[in-house]
Amino acid sequence: MSGLHHHVMEKPKYPREHLHAALAASVPEWLELADLLEDLGELVDQVFFASLATEEGENLRFHVVVAGKKKLEEVTDTEWPAAIPEEQEQELAWTVMRIEPHRVDPKALVKLAGATEFGRTALVLDQRDEDGQLWIFGVARRNPRTNGGRVLVVSTSAPGAVSVYFEGRRIMRYERGLLVPPVVDVFSESGVVTRAIRSSIPEFLARMKNYLFSPHNVGERVFSRLVRGMRATGHGCSVLVLPAVPEGEAAPKPKYRLLRADVLAAQAQAYVDVHTERIKAQWGAENLDEFPFERWKQQEDVAEANLEAAVDDIARLTAPDGALLMGPEFAVLGAGYMVTGTGTGKVLDIFEAFDAEGERVSEKPYALEQHGARHKAAATFVSQSGGFAFVASEDGPLKVLVRHEERILLWRVELPEY
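This one's a predicted model, so the numbers in the text were calculated from it and none came from an experiment.

Focus: the overall build of the protein
Inference 1: Secondary structure assignment for the protein yields 10 helices and 18 strands.
Inference 2: Expressed as a percentage of its 418 residues, the buried residues of the protein come to 49%.
Inference 3: Residue pairs in contact within the protein that sit at least 24 positions apart in sequence constitute 66% of those at least 6 positions apart.

So, the layout of surface pockets
If a probe as big as a water molecule is rolled over the atoms, it shows which places are left empty.
Inference 1: Quantified by volume, the second largest pocket comes out at close to 280 Å³.
Inference 2: Forming the walls of the second largest pocket are 15 residues, and the residues nearest its centre are A250, P252, Y337, T340 and Q384.
Inference 3: For the lining of the second largest pocket, the leading source of residues is helix α10 (residues 373-385), giving 3 residues.
Inference 4: Of the residues assigned to the lining of the second largest pocket, the class counts are 10 nonpolar, 3 polar and 2 charged.

Regarding the sheet that holds strand β3 (residues 62-66)
Inference 1: Strand order in the open sheet formed by 8 strands is β4-β6-β5-β3-β7-β8-β9-β10, with mixed pairing between adjacent strands. Only two strands of the sheet have a single neighbouring strand rather than two, namely β4 (94-103) and β10 (178-179).
Inference 2: Inspection of the sheet shows strand β8 (residues 161-166) paired to strand β9 (residues 169-175) by 6 bridges, in the antiparallel sense. Paired with V162 across the strands is Y174, a residue of β9.

Regarding the nonpolar core
Inference 1: Ranked by internal contacts, the top residues of the largest apolar core, which has 49 residues, are F223, L264, F330 and W411.
Inference 2: When neighbours within four sequence positions are excluded, F330 is seen to be in contact with I201, F204, V218, G219, V222, F223, A261, L264, A265 and A268.
Inference 3: Among the nonpolar cores identified, the runner-up in size contains 36 residues, and L43, V64, A108 and L134 belong to it.

Overview of a nonpolar patch on the surface
Inference 1: Together, Y14, F49 and L52 make up an exposed nonpolar region whose accessible area comes to about 300 Å².
Inference 2: F49 sits in the partly exposed class, given a relative accessible area of 41%.

Side note on empty space enclosed by the protein
Inference 1: Tallied over the full model, the rule gives 1 cavity of 30 Å³ or more.
Inference 2: Approximately 50 Å³ is the volume found for the largest cavity.
Inference 3: Together, D39, E42, L43, Q46, V104, Q133 and L134 line the largest cavity.
Inference 4: Broken down by element, the lining of the largest cavity gets its largest block of residues, 4 residues, from helix α3 (residues 34-51).
Inference 5: Residues that form the lining of the largest cavity fall into these classes: 3 nonpolar, 2 polar and 2 charged.

Quick look at the environment of F330
Inference 1: Topologically, F330 is positioned in the loop between β13 (323-326) and β14 (332-337).
Inference 2: Here F330 falls in the buried class, since its relative accessible area comes to 1%.
Inference 3: As for F330 and S200, which are separated by 130 residues in sequence, their C-alpha atoms are 7.7 Å apart.

Comments concerning the side chain of D45
Inference 1: Locating D45 in the fold gives a position in helix α3.
Inference 2: Owing to a relative accessible area of 8%, D45 belongs among the buried residues under this scheme.
Inference 3: Engagement of the side chain of D45 in a polar contact is seen with the backbone nitrogen of R16, the distance being 3.1 Å.
Inference 4: If we skip the residues at most four places from it in the chain, D45 touches Y14, P15 and R16.

Section: the packing of α3 against helix α4 (residues 106-113)
Inference 1: Put simply, α3 and α4 touch, their axes get as near as 9 Å, and they point 60° apart. Accordingly, the angle class assigned to the pair α3 and α4 is oblique. In the crossing of α3 with α4, the sense of the turn from one axis to the other is right-handed. Of the residues in α4, those touching α3 at Q46, V47 and A50 are P106, L109 and V110.
Inference 2: Here the contact of α3 with α4 is composed, by residue class, of 5 nonpolar, 1 polar and no charged.

Remarks on the pairing of β13
Inference 1: Taking every second residue as pointing to the same face, both faces of β13 are buried, with A323 and L325 on one and L324 and M326 on the other.
Inference 2: Taken together, the 3 bridges between strand β11 (residues 237-241) and β13 define a ladder with parallel strand orientation. Paired with L240 across the bridge in β13 is L325.
Inference 3: Bridge count for β13 against β14 is 3 bridges, and the pairing is antiparallel. Its bridge partner lying in β14, A323 is registered against Y337.
Inference 4: Counted between consecutive antiparallel strands, the loop separating β13 from β14 contains 5 residues, among which E329 sits at a positive phi close to 60°.

Details of the sheet that holds β14
Inference 1: In spatial order, the strands read β12-β14-β13-β11-β16-β17-β18-β15; together these 8 strands make up an open sheet with mixed pairing. The sheet is open, and its two edges are formed by β12 (256-257) and β15 (350-352), each paired on a single side.
Inference 2: Direction of pairing for β12 relative to β14: antiparallel, over a ladder of 2 bridges. Among the inter-strand pairings, R257 is bridged to a residue of β14, identified as G334.
Inference 3: Docked against the sheet, helix α7 (residues 218-232) engages β11, β13, β16 (388-392) and β17 (398-404), running at close to 30° with respect to β16.

Definitions and limits used
- Along each chain, numbering runs from 1 in the same order as the chain's sequence is written.
- The predicted nature of this model means local features are confined to residues of pLDDT at least 70 and side-chain atom pairs, given and counted, to a pLDDT of 80 or more, with totals for whole chains, interfaces and linings taken over all residues.
- To obtain the side-chain values, all non-hydrogen atoms of the structure were used and water was disregarded.
- Elements are defined by DSSP. Helices are runs of H or I of four residues or more, strands are runs of E of two residues or more, and each kind is numbered from the N terminus.
- To sort residues, take the accessible area from a 1.4 Å probe on protein chains only and compare it with the maximum for the residue type: under 20% means buried, over 50% means exposed, and anything in between is partly exposed.
- We call two residues in contact when some of their heavy atoms are within 4.5 Å.
- Site definitions follow a grid-based scheme: protein atoms alone, a 1 Å grid, a 1.4 Å probe that fits but cannot get out for cavities, and for pockets an open set with protein on both sides within 12 Å along at least five of seven lines, plus lining residues having an atom within 4 Å of a point.
- Grid points are joined across faces, edges and corners, and a volume is the space filled by probe spheres set on the points.
- Put simply, Ala, Val, Leu, Ile, Met, Phe, Trp, Tyr, Cys and Pro go in the nonpolar bin, Asp, Glu, Lys and Arg in the charged bin, and everything else, Gly too, in the polar bin.
- DSSP-based pairing: two strands are paired if at least 2 bridges between them are found.
- Side-chain atoms within 4.5 Å are what join buried Ala, Val, Leu, Ile, Met, Phe, Trp, Tyr and Cys residues into a set we call a nonpolar core.
- In this scheme, patches are assembled from residues that exceed 30% relative accessible area and form no salt bridge. Like charges are connected within 9 Å, while nonpolar side chains (Val, Leu, Ile, Met, Phe, Trp, Tyr) are connected within 5 Å.
- In this description, accessible areas are obtained by the Shrake-Rupley approach with a 1.4 Å probe, and a residue is regarded as covered only by the protein chains that are shown.
- By convention in these notes, a salt bridge is any Lys or Arg side-chain nitrogen within 4 Å of a carboxyl oxygen on Asp or Glu.
- Polar contact is the term for a pair of N or O atoms within 3.5 Å; when the atoms are in protein, one must be able to donate a hydrogen and the other to accept it, and sequence-neighboring residues count only if both atoms are side-chain atoms.
- Here the axes come from fitting lines to C-alpha atoms, over the contacting stretch only for helices, and the angles between their N-to-C directions go from 0 to 180 degrees.
- Orientation categories follow fixed angle ranges, with anything under 35 degrees roughly parallel, anything over 145 roughly antiparallel, 65 to 115 roughly perpendicular, and all other angles oblique.
- Here a crossing is taken to be left-handed if its near helix is turned anticlockwise relative to the far helix by less than a right angle, and right-handed if that turn runs clockwise.

Take it as geometry only, folks, not as evidence of what the structure does.
Quick look at the structure:
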């Protein structure tokens, strides 16, 4: 009997069989919505089957969002910054375009998936009446300045792969009948990677004299969006970041050199300046009822949009052969950079890390030979320069490599899909 029981436990399950345990572990308040739980279980199975379908010869990738107790139009970010006065109205997390409701089923999901843009918009699901049946109510776009609030997002990024997110963090990922273990969020959890990013922009951070007013996580946001854009190219690609830029004969020679290396730094500084001045003005205002919130918001929105556009444009430079090469202070040196010494240069041992501080690592060195030349070049670059690197295979997971003491630590990077 024990052998039979073990065999049953190891059998692949449908996504809904994992959902209740995932919600119990990460989002206990959703267990109070008993009338929704059964429908959510059915939904993740429907999303799973819809992901296996093709539309005009292509597999579908899409998201659906379920707000639960609130209308999606009323949901706000759950992490209200301490530097913003309580009197200011919180920004809404979603912009919703409503349509005539349609019952949720795999066919409807397949047909309406084309109305969304993967990574940017999602189908809106809600209960229409007392029977608890979920209906499709429209399409929504998340405000990128928010974490999406207390909603569930069900996402399918590949055939047969289903993820569930809450407040911007993954609480479940299902592939090939099994749960995929979670990975460290290297951009938000303080640790080796965040310190490497901040150490690459010391002068930029030094100009932020008052951290209460300044968005001190700009470095993490810029690199997170850059890596997201790199992944969106669909190519195998990499970003290499030098701790210092050699001069003279030792100067790096990317094939496509940028004439202005500060194009990204300028937009990042402009955004920080507007954000800082807006917060300072709010704190110094005698009467918040008369404070021009809308005017300041428009200015900050423009600065943020310009920064995001600059990052997205630079991310496209990872598509050519070679790497995108960067230096300190967000300097973009050029694209098509080829790392020298990949054949004979000593590469430090690499260990996969399972926590942000790199205290829990693999017992054996990471098998770099399972990858191609791009990963070897990134490891050689990190070994020789002391910098850090983001690298992606065409169809494999993203990774970040950082030199830490006399070894290289490697993290798998997972970006929210919406």
